[in-house]
Amino acid sequence: MFSRTLHRAVGALSAVTVLTVLPALLAPAHAADAWKPTKPVRLLVGFAPGGSADTLARLLADPLSKRLGQSVVVENLAGAGGNIMAYRLSQSAADGYTIGIAAAGSMAITHVLNPKGTNYKPSDFTPITLAAVQPNVVIVNKDVPANNLAELKAYFQNTPTATYGTAGVGISNHLIAETMLYKLGVKVPHAAYRGAAPVITDLLGGYIAMTMDNISTAAPLASQGKVKAIAVASLKRAPQLPNVPTLDEQGLKGFDMPTWQGVFAPAGLPADVLAAYYAALQDVLKDPALVEKMAGLGSEPVTEMTPEKTAQFLEKDRQQWADIVKAANISLEQ
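Quick caveat: nothing in here was measured; it's all calculated off a predicted structure.

1. Remarks on the pattern of salt bridges
If the charged atoms of two oppositely charged side chains come close together, the side chains can form a pair.
Link 1 in the chain: Throughout the structure, instances matching the rule amount to nine salt bridges.
Link 2 in the chain: A salt bridge links Asp124 to Lys121; the shortest N-O distance between them is 3.2 Å.
Link 3 in the chain: Note that Glu315 is salt-bridged to Arg318, the shortest N-O span being 2.7 Å. Taken together, the residues Glu315 and Arg318, both in helix α11 (residues 307–328) and three residues apart, mark about one turn of the helix.
Link 4 in the chain: Among the residues examined, Arg318 registers a relative accessible area of 11% and is labelled buried.

This is the structure:
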């Protein structure tokens, strides 16, 4: 099921168009299918191969290619928590030949943490649709002497040299982990990486003690005994890890913070191009074969999130992260 947090955010969307919604987003539905690419499309990803954003991009690329009639080529531009890719996307021509997979880090959190210091802004993008959501999991190196949240708290309190890592400063998993640690009353140094894959490499090697990652990455590692899964950061246990209790069950009541990914284009995307992409992506995201593949990874497709609804969701998401940053006193230095 779609996370309760996202259900609330989407369900509460105002009928009033937010400032970031461009006139092109209000184009009539009959523009769909009026545009077709005549050369390959670049699908940018802001993280290294192997993470959830990269996996989603590669799952979407082939069926999207078939619907558009042109190749969709995945291009990884890793670094800075997805911000390098977001900047490149913001500077690309709004002609339909460059789109990107992005998440809360670059589309919401960056502008909360450093509103004057980023080289792009929310209005530099055309949101096409939300595409996927996954629960997050707290995983630790197998040698860390903790099997539940209380023991993990004690370990961090007694091991001042211990660190945790995520795929960049300001990405959602960084702030989700910081929120958990804040609620536990412990402070743990954070190591930022260029993507999820190098985080896992260092977690397996014992260079960091913990990470917060989505279930598509965490579940296979935990099932194979390569790491220990401590908790799921949602209100319900994950089918892929049925024996792993939630943070809510372990005392952090109401803790429900998933990861989401969406598809974006540069600002000023023509209405017919936007309509064509939205229609094609809805077909892809509703395809039973894709739904099955995503379910096997612990990911759920998000459908019927129109460009208007996606833009409104982003405004609410930015406010949520602003509240978290203020409450937990999170800064770019973490």
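2. Re the packing of helix α6 (residues 172–184) against α11
Link 1 in the chain: One way to put it is that α6 packs onto α11 with a least axis distance of 10 Å and a crossing angle of 45 degrees. Between α6 and α11, the angle falls in the class oblique. Of the two elements, α6 crosses α11, and the hand of that crossing is left-handed. Only Trp321, Ile324, Val325, Ala327 and Ala328 of α11 make contact with α6, whose side of the interface consists of Ser172, Leu175, Ile176, Thr179 and Tyr182.

3. A word on α6
Link 1 in the chain: For α6, built from 13 residues, the straight-helix expectation of 18 Å at 1.5 Å per residue is met to within 8% by its first-to-last C-alpha distance of 18 Å.
Link 2 in the chain: Counting buried positions over the 13 residues of α6 gives 11, a clear majority of the element.
Link 3 in the chain: For α6, the set of buried residues is Ser172, Asn173, His174, Leu175, Ile176, Ala177, Glu178, Thr179, Met180, Leu181 and Leu184.
Link 4 in the chain: One or two residues past the end of α6 sits Gly185, with phi positive at roughly 80 degrees.

Calculation criteria
Residues numbered from 1 in each chain as written. Predicted model: local features only at pLDDT ≥ 70, side-chain atom pairs only at ≥ 80, totals over all residues. Heavy atoms only, no water. Salt bridge = Lys/Arg side-chain N within 4 Å of Asp/Glu carboxyl O. Helix = DSSP H or I, 4+ residues; strand = E, 2+ residues; numbered from the N terminus. Buried < 20%, exposed > 50% of the residue type's maximum accessible area, 1.4 Å probe, protein only. Axes fitted to C-alpha atoms, helices over the stretch in contact; angles between N-to-C directions. Parallel < 35°, antiparallel > 145°, perpendicular 65-115°, else oblique. Left-handed = near helix turned anticlockwise from the far one by under 90°. Contact = heavy atoms within 4.5 Å. Expected span 1.5 Å × (residues − 1).

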